[in-house]
Amino acid sequence: MAEYLVCSEHEIVDGGRKVVACGDKEIGIFRVKGALHAWHNMCPHRQGPICQGRIYPEVVEPVDENCEVRTLQYNEGNMHVACPWHGWEFNLETGRNPVGRYRLHRAELAIREGQVYVVL
Ligand code: FES
């Protein structure tokens, strides 16, 4: 097992991220609702750099009484990252793709004396 120093604990602000090289791997560290989450920077679709994609709230399409979608809404409680290659989305807290069985591969973090480490 190896540890890689990433940054100080408060460097990544809520809604922010940092993508770092850890040996031959790349890891994206995100802060969501105050908690840090780390994911391998490899999309389960075709290995695109998922951690470098756009971050935004889950898009919700409310269906009206005529079974039509007339507007889009955003669920601020579920933050997603969209892969820059083909647009697949993943929840930043669970790593799950909202419509499929795919999920991101989590990396372990350790926080000691105010410093954040990736543990691989
Ligand atoms: S590689 Fe990420 S959506 Fe295709």
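Computed from a predicted structure; not experimentally measured. (Residues numbered from 1 in each chain as written. Predicted model: local features only at pLDDT ≥ 70, side-chain atom pairs only at ≥ 80, totals over all residues. Heavy atoms only, no water.)

K.L.:
Explain unusual backbone geometry here, please?
P.N.:
Most peptide bonds adopt trans geometry, and most residues besides glycine take a negative phi value. Even without being a glycine, Gln-47 presents a positive backbone phi close to 65°. By the element assignment, Gln-47 lies in the loop between strand S4 (35–40) and strand S5 (54–60). Unusually for a residue other than glycine, Glu-113 sits at a positive phi of about 50°. Position of Glu-113 relative to the elements: it lies in the loop between strand S8 (108–112) and strand S9 (115–119). (Helix = DSSP H or I, 4+ residues; strand = E, 2+ residues; numbered from the N terminus.)

K.L.:
I tried to follow the UniProt feature "domain: Rieske" (unreviewed entry) in the chain on my own but got confused; where do I start?
P.N.:
As recorded in UniProt, the sites labelled "domain: Rieske" (unreviewed entry) are residues 4–118. Summarising residues 4–118: 0% helix, 47% strand, and an end-to-end C-alpha distance of 5 Å. (UniProt positions renumbered as here; feature names shortened; annotations may be inferred.)

K.L.:
Can you help me understand the pattern of salt bridges in this one?
P.N.:
Where charged atoms of side chains with opposite charge meet at close range, the side chains can pair. Tallied over the entire structure, the rule returns six salt bridges. Where Lys-18 meets Glu-11, a salt bridge forms, and the shortest distance between an N and an O atom there is 2.8 Å. We classify Glu-11 as partly exposed; its relative accessible area is 44%. A salt bridge links Asp-24 to Lys-25, with the shortest nitrogen-to-oxygen separation between them at 3.9 Å. According to the relative accessible area criterion, Asp-24 is exposed, its value standing at 72%. Accessibility expressed as a relative area gives 38% for Lys-25, which makes it partly exposed. A single salt-bridge network, built from bridges that share partners, covers Asp-64, Glu-68 and Arg-70. (Salt bridge = Lys/Arg side-chain N within 4 Å of Asp/Glu carboxyl O. Buried < 20%, exposed > 50% of the residue type's maximum accessible area, 1.4 Å probe, protein only.)

K.L.:
How should I be thinking about the packing of aromatic side chains in this particular structure?
P.N.:
The description of an aromatic ring pair uses the distance of the two centres, along with the angle that the planes make with each other. According to the stated counting rule, one finds one aromatic pair in the structure shown. When the ring of Trp-88 is compared with that of Tyr-102, the centres are 5.1 Å apart and the planes differ by 50°; the resulting orientation is tilted. Taken together, the residues span a long stretch of sequence, with Trp-88 in the loop between strand S6 (73–82) and strand S7 (89–91) and Tyr-102 in the loop between S7 and S8 at a distance of 14 residues. Residue Trp-88 is classed as partly exposed on the basis of its relative accessible area of 25%. A residue is classified by how much of its surface remains accessible, and Tyr-102, at 32% relative accessible area, is partly exposed. One residue, Arg-112, lies across the ring of Tyr-117, its end atom 4.3 Å from the ring centre. (Phe/Tyr/Trp six-rings, centres within 6.5 Å; stacked < 30°, edge-to-face > 60°. Lys NZ or Arg CZ within 6 Å of the ring centre and 35° of its normal.)

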